[in-house]
Amino acid sequence: MPVKFIDYEVMDKGARDDIALCLHLCTKISPIPAQSGTVLDSEIACTRELPSQVAESAAYAADQLNALFDTSNFPVILLELYYPAVNMASPSILPANVLLSRRVQEMVINGEEPESLYICRDEKEDEDVPSPLAPIPIIDLSLFSSSTLSTKREEELQKLKSALCSWGCFQCHMNTVRYQEIRDAVTDSANEYVKIRQPYYFLIKSTEMEAIGHGIPSSFLDEIRQVTTEFFEQPMDEKKKYSKGVEDVQGYGGDPTPEEGQFLDWQDRLFLTSYPEYLRDTKFWPESPKSFRNVLEYYTTKMRMVTELVSKSMAKSLQLEENCFLNQFGERAALQVRFNYYPCCQKPEIVLGLKPHADGTGYTIILQDDVEGLQVLKEEHWFTVPTIPNALLVLMGDQMEIMTNGMFKSPVHRVVTNKEKERTSIAVFYTPEKHKEIGPEDGLVNEERPRLFKKVKDYDITHWEYYQRGRRALHTAEI
Ligand SMILES: O=C(O)CCC(=O)C(=O)O
Ligand SMILES: [Fe+2]
């Protein structure tokens, strides 16, 4: 079969754009850097190093190209034509679903500049004032145990309530001194020592230990951060074993395509439902790094303990019966884990890691690494959430704002990008059980504070529809 070379460089801009458009009409294209002179034809492509989807796209593009050139005697497309078309086409040509079929990490490795759809504001509008650190209260959850002096406990509950009424979030940490004491005691026994060194096999039984802070050993938090970093550091081929379709939610990739006019986030993520177990789709659970699954399994157990402690403490801080929120969430309330990876970005002033949004959850528990990036909006100003080693950030979602009749705020937040440092975070979304109705607690409705919200169910679905349009959904629950 004769091979015809289309010289990309000598074509005029109009023809180049048309070709780029044809190529990108194939939604599954995942551009691959070409070696100069490489020929892509459907036969060679399939049997050599190129994935079949590129060959299919090429065949499809060949059909489209017939409209522009007489391609009948060359069913061969040069990759040289294909790849520069991706890079040099005017940015507006690349639709969101094509960009979302590629990983941001790949773009960074290829040295590509963010396409226009990643640009959230004009360079001229640049916010040049750095965001101050948010003085978000740090709560010691261990103080809520019954063994704590009641005045100390009350003080801490007040601090919790005021944090959630103003910031809509708080950080909780581990009381390291007390943990260290227990650790020293436990490590006396060789057996226990082994368990401590392999924390994900170590289910904490001692009530004393459970009562400490958020109850998760710092060595284990390091471990889950480590497997997250290791996952994203792996070669693309390994990660792509867990790829999601562009429009799917679970798996490795980007968020599903937002509505037209919305910009895209400079991040890749792995999204997994981890509880209830029957909703898990384990084909997306990485087998590499080797400990990933065990670590996530253990983290899920710990998150269940944290949600129980936090839900009860929040109820007590509002003088409500301690199980009231847990009952609203239901036995089968979901835990979904989103491992976020924000690569470095050469245009941090105009590209965001995650667009401004409020969460549609009950609440979200976030473990940051040591790179700042998360910001919360308060009184129209952005504040940076400090990174505190071994602290978890508990951030209210819209459904807690509904259940507390507007007392606890579901804050708008976003993630900014960074030129020099990549960032990872692990966000656990805690959401009421499917089809379960939730609404304002009766104890929080009175003459002074009339009912603000109706009862709703599956609010997270409405939330997502609005999120995709860049809007909040909370007003849909208002009376
Ligand atoms: O990366 C973060 O710190 C926040 C992530 C977040 O807001 C989300 O996943 O909804
Ligand atoms: Fe969020």
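Here is a short report on the structure shown in this document. Here the residue numbering is sequential within each chain, running from 1 through the sequence in written order. Following the order in which they are written, the chains are lettered starting with A and the ligands numbered starting with 1. Totals for whole chains, interfaces and linings use every residue, but because this is a predicted model, local features are given only for residues with pLDDT of at least 70 and side-chain atom pairs only at 80 or more, for both listing and counting. Think of the side-chain values as coming from all heavy atoms in the structure, minus any hydrogens and water.

Numbering goes from the N terminus for both helices and strands, where a helix is a DSSP run of H or I of at least four residues and a strand is a run of E of at least two. Along its length, the chain carries 16 helices and 16 strands. The buried label applies to any residue whose accessible area, calculated with a 1.4 Å probe on protein chains only, is under 20% of its type's maximum; exposed applies above 50%, and partly exposed to all values in between. Relative to its 479 residues, the chain shows a buried fraction of 55%. Contacts between residues were defined by any pair of non-hydrogen atoms, one from each residue, lying within 4.5 Å. Considering only intrachain contacts with a sequence separation of at least 6, the fraction spanning at least 24 residues in the chain is 75%. All accessibility values rest on the Shrake-Rupley procedure with a 1.4 Å probe; residue burial counts only the protein chains present in the view. For the chain, the accessible area works out to roughly 22000 Å², and carbon and sulfur atoms hold 50% of it.

Here we come to the pattern of salt bridges. Here, a salt bridge means any Lys or Arg side-chain nitrogen found within 4 Å of an Asp or Glu carboxyl oxygen. This structure, assessed with the given rule, holds 20 salt bridges. The partner of Asp 222 in a salt bridge is Arg 225, with the nearest N and O atoms 3.2 Å apart. Residue Asp 222 and its partner Arg 225 are both found in helix H11 (residues 218–233); the two are separated by three residues, about one turn of the helix. Note on Arg 225: relative accessible area 17%, which makes it buried. Across the pair Glu 238 and Lys 241 runs a salt bridge, and its minimum N-O distance is 2.8 Å. Taking relative accessible area as the criterion, Glu 238 reaches 18% and is therefore assigned buried.

Below, the discussion takes up the pairing of strand E14 (residues 423–431). Among the nine residues in E14, nine count as buried, and that is most of the element. Along E14, one buried face is formed by Arg 423, Ser 425, Ala 427, Phe 429 and Thr 431 and the opposite face, lined by Thr 424, Ile 426, Val 428 and Tyr 430, is buried too. The pairing of strand E7 (residues 334–342) with E14 spans nine bridges and is antiparallel. Within the sheet, the bridge partner assigned to Asn 340 lies in E14 and is Ser 425. Direction of pairing for strand E9 (residues 363–368) relative to E14: antiparallel, over a ladder of six bridges. Across the sheet, residue Tyr 363 finds its bridge partner in E14, namely Tyr 430. What makes two strands pair is DSSP finding at least two bridges between them.

Two elements in contact, helix H7 (residues 150–166) and helix H13 (residues 292–317), have axes separated by 9 Å at closest approach and are oriented at 95°. Judged by the inter-axis angle, H7 sits roughly perpendicular to H13. Contacts between H7 and H13 involve Leu 157, Leu 160, Lys 161 and Leu 164 from the first element and Ser 313, Met 314, Lys 316 and Ser 317 from the second. Angles here are taken between N-to-C directions and fall from 0 to 180 degrees, while the axes themselves are lines fitted to C-alpha atoms, restricted in helices to the stretch in contact. Here the word oblique covers every angle except those under 35 degrees (roughly parallel), over 145 (roughly antiparallel) and from 65 to 115 (roughly perpendicular).

Another aspect to go through is the sheet that holds strand E6 (residues 268–275). The mixed open sheet is built from eight strands, whose spatial order is E3-E4-E12-E9-E14-E7-E6-E5. Taken across any chain shown, the strands that pair with only one partner, and hence form the sheet edges, are strand E3 (138–139) and strand E5 (251–253). The pairing of E5 with E6 spans three bridges and is antiparallel. Across the sheet, residue Gly 253 finds its bridge partner in E6, namely Arg 269.

Let us now look at the site of ligand 1. Lining the immediate surroundings of ligand 1 are 14 residues, of which Tyr 342, His 357, His 413, Arg 423 and Ser 425 lie closest. Measuring from an oxygen atom of ligand 1, one finds a side-chain N or O atom of Asn 340 at 3.5 Å. Each polar contact in these results corresponds to two N or O atoms within 3.5 Å; when the atoms are within protein, one needs to be able to donate a hydrogen and the other to accept it, and residues that are neighboring in sequence are counted only if both atoms are side-chain atoms. Tyr 342 is positioned with one of its side-chain polar atoms (N or O) 2.7 Å from an oxygen atom of ligand 1. Computed on the free molecule, ligand 1 has an accessible area of 290 Å², of which 98% lies beneath the protein chains in the complex. A cavity here means a set of points on a 1 Å grid, drawn over the protein atoms and nothing else, where a 1.4 Å probe fits but cannot get out; a pocket is an open set with protein on both sides within 12 Å along at least five of seven lines, and a residue lines either one if it has an atom within 4 Å of a point. The rule for placing a molecule in a cavity or pocket is simple: more than half of its atoms must lie within 2 Å of the grid points. In this structure the site holding ligand 1 corresponds to the largest pocket. When contributions to the shell around ligand 1 are tallied by element, the ones reaching two or more residues are E7, strand E8 (352–357), strand E13 (413–416) and E14. Top element by residues in the shell around ligand 1 is E14. It accounts for four residues. By convention in this text, a residue qualifies as near a molecule or strand provided that one of its non-hydrogen atoms is within 4 Å of it.

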